[in-house]
Amino acid sequence: MKNLKKAYELTMKLTDIHNIRGIKDAARLKLVKWSNEVEELGVDNFYIVINTFENHYQTILNFFVNRATNAKAESFNAKVKAFRAQFRGVTDIPFFLYRLMKLCA
């Protein structure tokens, strides 16, 4: 039960770190402290998050500079994939691109 409470608190701390505005170095320091607390707790589920931080460290820290994400690009890619799936086997490629442009413009 104590581990569950501590895991919940760590989750809330990670949410608080995410909500930090502006200072990249402060976020880096807090993420390192958070990772140390996770390692002390020893809950395997959090190690996936830590591995993601380690593999994409600079990209994640860049989020704290101007809070920019790639959500718009991902949304656009999803629209293109859905449109492409709907018109599979298209032979008139210029017309397909025209329709795609009209859909996404």
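The structure reproduced in this document is the subject of the present report. Computed from a prediction, not measured in an experiment: that's the story for all the values here.

## Considering the overall build of the protein chain
Helix and strand counts for the protein chain come out as 6 helices and 0 strands. By the compact-globule yardstick of 13 Å for 105 residues, the protein chain is too spread out, its C-alpha radius of gyration being 21 Å. Counting only C-alpha atoms, the protein chain reaches 60 × 30 × 20 Å along its principal axes. At a minimum sequence separation of 6, the contacts of the protein chain that also span at least 24 residues come to 56%. Taking the average location of the 17 positive side-chain charges in the protein chain and that of its 10 negative ones, the two points are 10 Å from each other.

## Points about the packing of helix 2 (residues 24-41) against helix 3 (residues 47-55)
Their axes nearest at 10 Å, the elements helix 2 and helix 3 cross at an angle of 145°. The chirality of how helix 2 crosses helix 3 is left-handed. Here helix 2 contributes Leu 31, Trp 34, Ser 35, Val 38 and Glu 39 to the contact with helix 3, which in turn contributes Tyr 47, Val 49, Ile 50 and Phe 53.

Procedures and definitions
Residues numbered from 1 in each chain as written. Predicted model: local features only at pLDDT ≥ 70, side-chain atom pairs only at ≥ 80, totals over all residues. Heavy atoms only, no water. Helix = DSSP H or I, 4+ residues; strand = E, 2+ residues; numbered from the N terminus. Rg over C-alpha atoms; globule rule 2.2 N^0.38 Å. Contact = heavy atoms within 4.5 Å. Lys, Arg positive; Asp, Glu negative; His and termini not counted. Charge placed at Lys NZ, Arg CZ, Asp CG, Glu CD. Axes fitted to C-alpha atoms, helices over the stretch in contact; angles between N-to-C directions. Left-handed = near helix turned anticlockwise from the far one by under 90°.

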